[in-house]
Amino acid sequence: MDISRILDQTKFFEGISQSSKESLSKFCMPYERPKQTVLFREGEPGEAMYLLVRGRISLHKLSPDGRETVIKVMKPGEVFAEVILFEQRHYPVTALALTDILVFRLSRRDLLGLLRQEDFRNDFIAMLLRKQRYLADRIQQLTSQDVEQRLRAFLTEQYGQLGEIHAEINKKQLASAIDATPETLSRLLQDLKRRKCLVWKQGIITVAPSFWKEN
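Residues numbered from 1 in each chain as written. Predicted model: local features only at pLDDT ≥ 70, side-chain atom pairs only at ≥ 80, totals over all residues. Heavy atoms only, no water.

A. Structural context of the overall build of the protein. Tallying secondary structure elements over the protein gives eight helices and 11 strands in all. Relative to its length of 215 residues, the protein is compact, with a C-alpha radius of gyration of 18 Å against a globular reference of 17 Å. Counting across all 215 residues of the protein, residues that qualify as buried make up 46%. Here the analysis covers contacts within the protein between residues at least 6 apart in sequence; of these, 72% occur between residues at least 24 apart. For the protein, the computed accessible surface area is about 11,800 Å², with 50% contributed by carbon and sulfur atoms. Counting 34 positive and 28 negative side-chain charges, the protein places the centres of these two groups 3 Å from one another. (Helix = DSSP H or I, 4+ residues; strand = E, 2+ residues; numbered from the N terminus. Rg over C-alpha atoms; globule rule 2.2 N^0.38 Å. Buried < 20%, exposed > 50% of the residue type's maximum accessible area, 1.4 Å probe, protein only. Contact = heavy atoms within 4.5 Å. Areas by Shrake-Rupley, 256 points an atom, 1.4 Å probe, with all protein chains shown as cover. Lys, Arg positive; Asp, Glu negative; His and termini not counted. Charge placed at Lys NZ, Arg CZ, Asp CG, Glu CD.)

Put into structure tokens, the structure is as follows:
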């Protein structure tokens with residue numbers, strides 16, 4: 001497995017020096033798991049951060065009344081759980097494999113060792129700042145767009161503007177990911193079907209070109 005090539009293609013590591021990538025690649029441990037595997041649970045001690053190489057992973061939190069809220073659906077090339085390096089020692093979310101997955105596991109101990117190197121530390125902080133900007137944009141999206149716009153943005157981010165999408169998540173998880181109730185999403189899907197814009201059937205989403213063009 002060409003770990004260096006995978007790191008080169010990972011957006012999170014854009015701008016990082018080649019020497020930092022080479023240092024990082026030495027500690028990337030491939031980790032394959034089947035669908036429905038829980039990589040870690042909310043509240044558990046944070047032992048590692050991860051890079052998703054293949055498959056999809058849901059990051060979700062449980063509310064005090066037991067409701068599951070999807071924070072993000074991870075796609076290949078995305079890094080998650082880096083928060084345990086600086087902000088807190090416990091995982092703030094649960095990571096669930098929606099499909100069979102391959103991840104690179106980077107232990108907290110190894111990463112803290114790398115962060116003692118000034119060049120790597122500077123590169124890594126720059127990466128975290130870029131991710132913070134993404135999260136700020138995400139919050140802006142959730143507060144300024146209606147449900148249909150959030151659905152369009154989610155599908156575009158996760159799959160691109162395709163005519164047929166094979167969804168790994170169910171409708172309840174999607175509703176949570178776009179900050180909508182299942183009932184609201186159901187009504188939207190019925191309306192989109194009536195307008196001949198989008199049809200979701202047995203995990204396959206068929207999308208008309210008009211859906212991507214609407215604002």
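B. Structural context of the sheet that holds strand β5 (residues 68-74). The strand order β2-β7-β4-β5 describes an open sheet built from four strands, whose pairing is antiparallel. Looking at the sheet topology across the chains shown, the edges are occupied by β2 (38-40) and β5. Each neighbouring strand pair of the sheet contributes to a mean axis angle of 30°, computed without reference to strand direction. Both strand β4 (residues 57-62) and strand β7 (residues 94-97) contribute to a ladder of four bridges, which runs antiparallel. If you follow L59 over to β7, its bridge partner there is A95. (Pairing = 2+ DSSP bridges. Axes fitted to C-alpha atoms, helices over the stretch in contact; angles between N-to-C directions.)

C. How the structure looks around the nonpolar core. The biggest cluster of nonpolar side chains holds 39 residues, and the ones touching the most others in it are F13, L39, F40, Y50, I57, F80 and F124. Element by element, the count of residues in this core is highest for strand β3 (residues 48-54), at five residues. Non-local contacts of F124, meaning those with residues more than four positions away in its chain, are made with F12, M49, L85, F86 and L115. (Core = buried A, V, L, I, M, F, W, Y, C linked by side-chain atoms within 4.5 Å.)

D. How the structure looks around the pairing of strand β11 (residues 204-207). On β11, burial follows the alternation: I205 and V207 on one face are buried, whereas I204 and T206 on the facing-out side are not. Inspection of the sheet shows strand β9 (residues 164-166) paired to β11 by three bridges, in the antiparallel sense. For I165, the partnering residue across the bridge sits in β11 and is I205. As consecutive antiparallel partners, strand β10 (residues 198-201) and β11 are separated by two residues, and within that stretch Q202 has a phi angle of approximately 50°, a positive value.

E. Region of interest: the environment of W212. With respect to the secondary-structure elements, W212 resides in helix α8 (residues 209-213). Among all residues touching W212, those that are not within four sequence positions of it are R152, L155, T156, G160, Q161, L162, I165 and V207. A polar side-chain atom of W212 sits 3.2 Å from the main-chain carbonyl oxygen of L162. (Polar contact = N/O pair within 3.5 Å; in protein donor to acceptor, adjacent residues only side chain to side chain.)

F. Summary view of the pattern of salt bridges. What the rule picks out here adds up to 12 salt bridges. The shortest N-O distance in the salt bridge between E78 and K72 comes to 3.2 Å. Between E148 and R195 there is a salt bridge, with the nearest N and O atoms lying 3.0 Å from each other. One end of the pair, E148, is in helix α5 (residues 147-159); the other, R195, is in the loop between α7 (182-194) and β10, with 47 residues separating them in the sequence. In the salt-bridge network here, residues are joined through shared partners; they are E148, R152, D191, R194 and R195. (Salt bridge = Lys/Arg side-chain N within 4 Å of Asp/Glu carboxyl O.)

G. Region of interest: the sheet that holds β3. Read from one edge to the other, the open sheet built from four strands follows the order β1-β8-β3-β6, with strand pairing classed as antiparallel. The outermost strands of the open sheet, each flanked by one partner alone, are β1 (29-33) and β6 (79-80). Bridge count between β3 and strand β8 (residues 101-107): six bridges; the pairing is antiparallel. Opposite R54, over in β8, you have L102 as the bridge partner.

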